[in-house]
Amino acid sequence: MRVGVLTGGGDCPGLNAVIRAVVLKGIETHGWEIFGFRSGWRGAITGEGRWLTRDDVEGILTRGGTVLGSSRTNPYKEDGGVEAIRSVVADKGLDAIIAIGGEDTLGVANRLTADGVKVVGVPKTIDNDLAATDYTFGFDTAVHIATEAVDRLHTTAESHHRALVVEVMGRHAGWIALHSGLAGGASVILVPERPFSVDTVVEWVRRRFEREYAPIIVVAEGALPEGGAEVLQTGETDAFGHVRLGGVGNWLADEIAHRTGKESRAVVLGHTQRGGTPTAYDRVLATRFGLHAVDAVADGDSGVMVALRGTDIVRVKLAEATAELKTVPPERYAEAEVFFG
Ligand code: F6P
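Residues numbered from 1 in each chain as written. Predicted model: local features only at pLDDT ≥ 70, side-chain atom pairs only at ≥ 80, totals over all residues. Heavy atoms only, no water.

**A closer look at the overall build of the protein chain**
Move 1: Counting secondary structure elements, the protein chain contains 11 helices and 13 strands.
Move 2: Considered along the principal axes of its C-alpha atoms, the protein chain spans approximately 70 × 40 × 30 Å.
Move 3: Of all 341 residues assigned to the protein chain, the portion counted as buried reaches 55%.
Move 4: With the model as given, the accessible surface of the protein chain reaches about 13,700 Å², and the carbon-plus-sulfur share is 47%.
Move 5: Mean positive and mean negative side-chain charge positions of the protein chain (35 and 46 charges, respectively) differ by 3 Å. (Helix = DSSP H or I, 4+ residues; strand = E, 2+ residues; numbered from the N terminus. Buried < 20%, exposed > 50% of the residue type's maximum accessible area, 1.4 Å probe, protein only. Areas by Shrake-Rupley, 256 points an atom, 1.4 Å probe, with all protein chains shown as cover. Lys, Arg positive; Asp, Glu negative; His and termini not counted. Charge placed at Lys NZ, Arg CZ, Asp CG, Glu CD.)

Rendered as structure tokens:
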């Protein structure tokens, strides 16, 4: 058998662990040939990439990023994109493609399956917002990085008796904010799912100052004030229609300073949450996803995604996994609210 593998969308710690598992199990257990497409769906359109060997995946388990490169190319937005993928698949004699990605990459995988290309999906995103899987790999690493930042910011905030606003990633889902805020003992956590009242945030901040502590506010980049809009870096959209978010942290820090008369600063963690080595948890999850994706291909399955349910890896329909995002439910946010102020 010949199988293609690609990584699409924003990079994420653990991608290389999946690639390594796919290559080693594909070659060693099944005797397959594995073609690594360069830069996500762009490589599948142009055919750019290379046949991978054991040597190509030597030492990559612990490395962040992706040795294959990534892009936000959407074949359905490129003239003749889908046709081009079909002929690349035919030319290289590929029996299936293993696509490692988030909602956008796997949304394409789902449509391609309907258009006659055999695809098995592997869920990745630091945002943990893919439905049908309990966790995506990359999330644990991002939460560790954000929590470490919150821990460090506590001491400097206390020393200067300042409010510190920490902006973390999370476009439509506040999982990173929720988990790092809870783990780091934040005074307020703001998520995209629940528009916030600036008055209430300021009240919580005041209460924290009154108790002689310095408030730490963790805010997801997609969080928005009641009646307001998301704060954008640019109005431009990518091939999947996403705008570039960013700036809510600075905006909120200014509001807090203005309304409380206390010094406030914002820290934007940005891509530090996506870079670097994956945690042990993410290495194991990513490796297991890679192994099970190979099993799915070996079974002739397609249009499916491997997913974590409890401690088991199962297969779910790509259509089910990409139908809607997994956002923070009100009851999970309510748990965190107990600690606000
Ligand atoms: O989807 C993952 C994510 O990390 C989002 O949280 C964030 O909005 C986006 O990627 C930013 O990605 P980039 O800077 O690569 O466009």
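**Digging into the packing of helix H7 (residues 198-210) against helix H8 (residues 248-260)**
Move 1: Interaxial distance between H7 and H8 falls to 10 Å at its minimum, and their mutual angle equals 65°. Considered as vectors, H7 and H8 are oriented roughly perpendicular to each other. The handedness of the crossing between H7 and H8 is right-handed. Contacts between H7 and H8 involve Val198, Asp199, Val201, Val202, Val205 and Arg206 from the former and Trp251, Leu252, Glu255, Ile256, Arg259 and Thr260 from the latter.
Move 2: A per-class count over the contact of H7 with H8 returns 7 nonpolar, 1 polar and 4 charged. (Axes fitted to C-alpha atoms, helices over the stretch in contact; angles between N-to-C directions. Parallel < 35°, antiparallel > 145°, perpendicular 65-115°, else oblique. Left-handed = near helix turned anticlockwise from the far one by under 90°. Contact = heavy atoms within 4.5 Å. Nonpolar A, V, L, I, M, F, W, Y, C, P; charged D, E, K, R; others polar.)

**Side note on the site of the ligand**
Move 1: In the vicinity of the ligand, the residues found are Arg72, Ile126, Asp127, Met169, Gly170, Arg171, Glu221, His271 and Arg274.
Move 2: With respect to the ligand, the side chain of Arg72 contributes an N or O atom lying 2.9 Å from an oxygen atom.
Move 3: At 3.4 Å, a backbone N or O of Gly170 approaches an oxygen atom of the ligand.
Move 4: Out of a free accessible area of 400 Å², the ligand has 79% covered by protein chains.
Move 5: Applying the majority rule of atoms within 2 Å of the grid points places the ligand in the largest pocket.
Move 6: Along the lines of polarity and charge, the residues of the shell around the ligand split into 2 nonpolar, 2 polar and 5 charged.
Move 7: Each of two domains, domain 1 (2-137 + 278-321) and domain 2 (139-275), supplies a minimum of three residues to the shell around the ligand. (Near = heavy atom within 4 Å. Polar contact = N/O pair within 3.5 Å; in protein donor to acceptor, adjacent residues only side chain to side chain. 1 Å grid on protein atoms, 1.4 Å probe; cavity = no way out; pocket = protein on both sides within 12 Å on 5 of 7 lines; lining within 4 Å. Sits in = over half its atoms within 2 Å of the grid points. Domains from an automatic or database assignment.)

**Overview of the layout of surface pockets**
Move 1: The volume enclosed by the largest pocket comes to roughly 700 Å³.
Move 2: Lining the largest pocket are 36 residues, with Arg72, Met169, Arg171, Glu221 and Arg274 sitting closest to its centre.
Move 3: Per element, the largest residue contribution to the lining of the largest pocket is 4 residues, and it comes from strand S9 (residues 232-237).
Move 4: Residue contributions to the lining of the largest pocket reach at least three from each of two domains, namely domain 1 (2-137 + 278-321) and domain 2 (139-275). (Points joined across faces, edges and corners; volume = space filled by probe spheres on them.)

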